[in-house]
Amino acid sequence: SAWSLDSIALTCDEFVEVMEDIRVRELLRDLDVEMYNAAALFDTFDGDESGTVTIPEMVQAIMRLRGEVRKNDLIASLVAVRSLGRRFDELMLCLPSNSAARMEMLERPRTT
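This one's a predicted model, so the numbers in the text were calculated from it and none came from an experiment. (Residues numbered from 1 in each chain as written. Predicted model: local features only at pLDDT ≥ 70, side-chain atom pairs only at ≥ 80, totals over all residues. Heavy atoms only, no water.)

Participant: Got a minute to help me understand a negative patch on the surface in this structure?
Facilitator: Together, D13, E14, E17 and E20 make up a negatively charged patch on the protein surface. The residue E20 is located in the loop between helix 1 (12-19) and helix 2 (22-30) in this model. (Patch = residues over 30% accessible without salt bridge, like charges linked within 9 Å, V, L, I, M, F, W, Y side chains within 5 Å. Areas by Shrake-Rupley, 256 points an atom, 1.4 Å probe, with all protein chains shown as cover. Salt bridge = Lys/Arg side-chain N within 4 Å of Asp/Glu carboxyl O. Lys, Arg positive; Asp, Glu negative; His and termini not counted. Charge placed at Lys NZ, Arg CZ, Asp CG, Glu CD. Helix = DSSP H or I, 4+ residues; strand = E, 2+ residues; numbered from the N terminus.)

Structure (structure tokens):
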């Protein structure tokens, strides 16, 4: 059977092993990507949350991780977190109204 780069999928352990290889680290450094903790970045590379990383997912993640963090990247992250908070609040409103924990969470001031 034929294989292609798209058919390669690395588990977390395989991903860490590949990313810890000195040749891969040097290649990533040449691409302006610093890989401090491969296991912690697995979720970043696993874009579809399948539990594996494919070559296309790896390319996309490397493109996102290249270079220095820019101010607009941080602002985009902050906006996404705020949006997630609003959606969480909306979800909480759907829970039974007699939930003391729900009321406590809704009354708590936001920190973001």
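Participant: Would you explain unusual backbone geometry in this entry?
Facilitator: Negative phi values dominate among residues other than glycine, just as trans dominates among peptide bonds. At D32, a position not held by glycine, the phi torsion is positive, near 70 degrees. Here D32 lies in the loop between helix 2 and helix 3 (38-45). Within the chain, E49 stands out as a residue other than glycine whose phi angle is a positive 55 degrees. Classification of E49 as exposed rests on a relative accessible area of 72%. (Buried < 20%, exposed > 50% of the residue type's maximum accessible area, 1.4 Å probe, protein only.)

Participant: What is the right way to read the side chain of D46 from this model?
Facilitator: Summarising the element assignment, D46 is placed in the loop between helix 3 and strand 2 (53-54). The charged side chain of D46 is buried without a salt bridge, its nearest counter-charge being R64 at 9.4 Å. A polar side-chain atom of D46 sits 3.1 Å from the main-chain amide nitrogen of S50. Contact partners of D46, with chain neighbours within four places excluded, come to G51, T52, V53 and E57. (Polar contact = N/O pair within 3.5 Å; in protein donor to acceptor, adjacent residues only side chain to side chain. Contact = heavy atoms within 4.5 Å.)

Participant: Can you help me understand the packing of helix 3 against helix 4 (residues 55-65) in this one?
Facilitator: Pairs of packed helices are described in terms of their axes, by the angle between the two and the distance that separates them. Close contact between helix 3 and helix 4 brings their axes to 9 Å; oriented N to C, the two are set at 105 degrees. For the element pair helix 3 / helix 4, the angle class is roughly perpendicular. Contacts from L41, T44 and F45 of helix 3 reach helix 4 at E57, M58, A61, I62, R64 and L65. Split by residue class, the contact of helix 3 with helix 4 holds six nonpolar, one polar and two charged. (Axes fitted to C-alpha atoms, helices over the stretch in contact; angles between N-to-C directions. Parallel < 35°, antiparallel > 145°, perpendicular 65-115°, else oblique. Nonpolar A, V, L, I, M, F, W, Y, C, P; charged D, E, K, R; others polar.)

Participant: Quick question: what am I supposed to make of the nonpolar core here?
Facilitator: Burial of nonpolar side chains together is a common tendency in soluble globular proteins. Among the nonpolar cores identified, the biggest contains 15 residues, and F15, M19, M35, F45 and M58 are the most heavily contacted of them. Of all the elements in the fold, those that place two or more residues in this core are helix 1, helix 3 and helix 4. The dominant element in this core, judged by the number of residues it contributes, is helix 3, at four residues. What M19 contacts, discounting residues up to four positions off in sequence, is V24, R25, L28, M35, A38, F45 and M58. (Core = buried A, V, L, I, M, F, W, Y, C linked by side-chain atoms within 4.5 Å.)

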